[in-house]
Amino acid sequence: MIHAERMNEDIQHEVRGRVARVVVESHPGGDMSDESPIDRSLYRVLEELPEHVVGEIIDGELHVSPRPLPPHGRAAIRLAIVLSPFEQGLRRRGPGGWVFLPEPELHLGPNVLVPDLAAWRHERMPELPLVVGMTTAPDWVCEVLSPSTASRDRGAKMNLYARAGVKHLWLLDPRQQQLEVYRLEAGRWTPCATHTGAVNIRAEPFIAQNMNLGSLFER
C-alpha cells in the first residue's frame with residue numbers, strides 16, 4: 001500500500017468499546033497444539049468487524065487494518081496468476097502439486113493470521129476443509145508489505161509462521177519493487193535471495209517457474 005489512510009473513527013470507537021486488547025492500525029504447518037486456544041471473546045469481536053477491514057489476533061491483541069490499496073492488491077493477484085501453473089488440478093500444463101488460497105484465515109494456536117497469499121502442498125491438503133479457520137499451517141506464505149504493517153509482517157507474524165512450521169516465506173514490497181525469499185531452517189528464517197526491479201527470477205519453492213518480477217508492480 002502506497003498512501004496512508006485513517007481508519008474510520010466510528011469503527012475505532014465501536015471496537016475499542018467492546019474489547020480492551022485491540023490495536024487499530026492505518027495505512028501511511030507446524031504443531032502449535034500445546035499453546036492456549038484462541039480467546040473466544042476476542043474472536044467474536046473479530047467476526048463482527050466490518051467487511052472492509054481485516055482483523056488478526058496476535059499474542060492476545062486484536063489488530064484491525066483497512067483493506068489494501070490497489071497497488072497492493074494488484075501485486076498479490078498478479079503473483080497468484082504467475083504461480084497458477086503450480087495449482088493442483090488446473091487443466092493446463094504445469095508442475096501442479098500445490099493448493100493456493102488468497103487471504104486465508106489461519107488459526108495457529110491462539111493466533112489468527114491473514115497472509116495475502118498462502119499455499120499448501122497437495123499431499124498435506126488433498127481436500128479443502130469447509131471451515132473459515134485453517135488449522136493446518138501452510139507450506140508457503142506471502143505477505144505484501146505496506147508502510148503501516150511492514151514491521152508487524154517482518155516481526156511478530158514472521159515469528160509465528162516459524163513457530164507454526166511454515167517452510168517458505170516471501171515478502172513482496174510494491175513500493176520498493178522488491179521480493180525477499182526466506183526458507184525455514186532449524187526453526188529460524190534463512191534469507192535465500194532478494195530480487196529488485198524488472199528481473200526474471202526463479203524463487204523457491206517455485207523454482208520450476210520463471211517469473212518477471214517487474215510485471216507484478218506495473219500500474
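Cut-offs and rules
Residues numbered from 1 in each chain as written. Predicted model: local features only at pLDDT ≥ 70, side-chain atom pairs only at ≥ 80, totals over all residues. Heavy atoms only, no water. Helix = DSSP H or I, 4+ residues; strand = E, 2+ residues; numbered from the N terminus. Buried < 20%, exposed > 50% of the residue type's maximum accessible area, 1.4 Å probe, protein only. Contact = heavy atoms within 4.5 Å. Pairing = 2+ DSSP bridges. Axes fitted to C-alpha atoms, helices over the stretch in contact; angles between N-to-C directions. Salt bridge = Lys/Arg side-chain N within 4 Å of Asp/Glu carboxyl O. Arc of directions from axis to C-beta. pLDDT = per-residue confidence, 0-100.

1. Points about the environment of V54
Part 1 of the argument: Tracing the sequence through the fold places V54 in strand β2 (residues 53-58).
Part 2 of the argument: By relative accessible area, V54 is classed as buried at 15%.
Part 3 of the argument: In the structure, V54 is positioned ten residues away from V64 in sequence and 5.7 Å away in space, judged by C-alpha atoms.
Part 4 of the argument: Beyond its immediate sequence surroundings of up to four residues, V54 is in contact with H63, V64, S65, R67 and V114.

2. Focus on the sheet that holds strand β10 (residues 168-173)
Part 1 of the argument: On the basis of which strands lie adjacent, the open sheet formed by six strands has the order β4-β7-β9-β10-β11-β12 and mixed pairing. Either end of the sheet is taken by a strand with one partner, and the two such strands are β4 (98-102) and β12 (188-196). For this sheet, the mean angle separating the axes of adjacent strands, direction not counted, is 15°.
Part 2 of the argument: Across five bridges, strand β9 (residues 140-144) lies against β10 in parallel orientation.

3. Section: the pattern of salt bridges
Part 1 of the argument: Going through the model one piece at a time under the given rule, you end up with ten salt bridges.
Part 2 of the argument: In this structure, E56 and K157 form a salt bridge, with 2.7 Å as the shortest nitrogen-oxygen distance. Note that E56 is positioned in strand β2 and K157 in helix α4 (residues 150-164), a separation of 101 residues in sequence.
Part 3 of the argument: Of the residues examined, E56 reaches a relative accessible area of 5% and is grouped as buried.
Part 4 of the argument: A relative accessible area of 1% places K157 in the buried class.
Part 5 of the argument: Across the pair R78 and E218 runs a salt bridge, and its minimum N-O distance is 3.0 Å. Placement of R78 in helix α3 (residues 70-82) and of E218 in the segment after β14 (211-212) is noted, with a sequence separation of 140 residues between them.
Part 6 of the argument: Relative accessible area serves as the criterion here: at 22%, R78 is assigned to the partly exposed category.
Part 7 of the argument: Note on E218: relative accessible area 46%, which makes it partly exposed.

4. Focus on unusual backbone geometry
Part 1 of the argument: Put simply, E204 and P205 share a cis peptide bond, and its omega is 10°.
Part 2 of the argument: Relative to the helices and strands, P205 is located in the loop between β13 (200-201) and β14.
Part 3 of the argument: Unusually for a residue other than glycine, D59 sits at a positive phi of about 50°.
Part 4 of the argument: In this structure, D59 sits in the loop between β2 and β3 (61-66).
Part 5 of the argument: By relative accessible area, D59 is classed as exposed at 55%.
Part 6 of the argument: If you check the backbone angles, E103 has positive phi at about 45° while not being a glycine.
Part 7 of the argument: Relative to the helices and strands, E103 resides in the loop between β4 and β5 (105-108).
Part 8 of the argument: By relative accessible area, which is 33% here, E103 ends up partly exposed.

5. What to know about helix α2 (residues 40-47)
Part 1 of the argument: All buried positions along α2 are accounted for by L42, Y43, V45 and L46. Each buried residue of α2 sits inside an arc of 155° when the element is viewed along its axis, so together they form one side.

6. Topic: the confidence of the model for the chain
Part 1 of the argument: For the chain, the mean per-residue pLDDT works out to 86, and 83% of the residues sit at or above 70.
Part 2 of the argument: A low-confidence stretch, residues 1-7 stays under pLDDT 50, and its non-local contacts, those more than four residues away or across chains, total 32 contacts.
Part 3 of the argument: A low-confidence stretch, residues 24-29 stays under pLDDT 50, and its non-local contacts, those more than four residues away or across chains, total 39 contacts.

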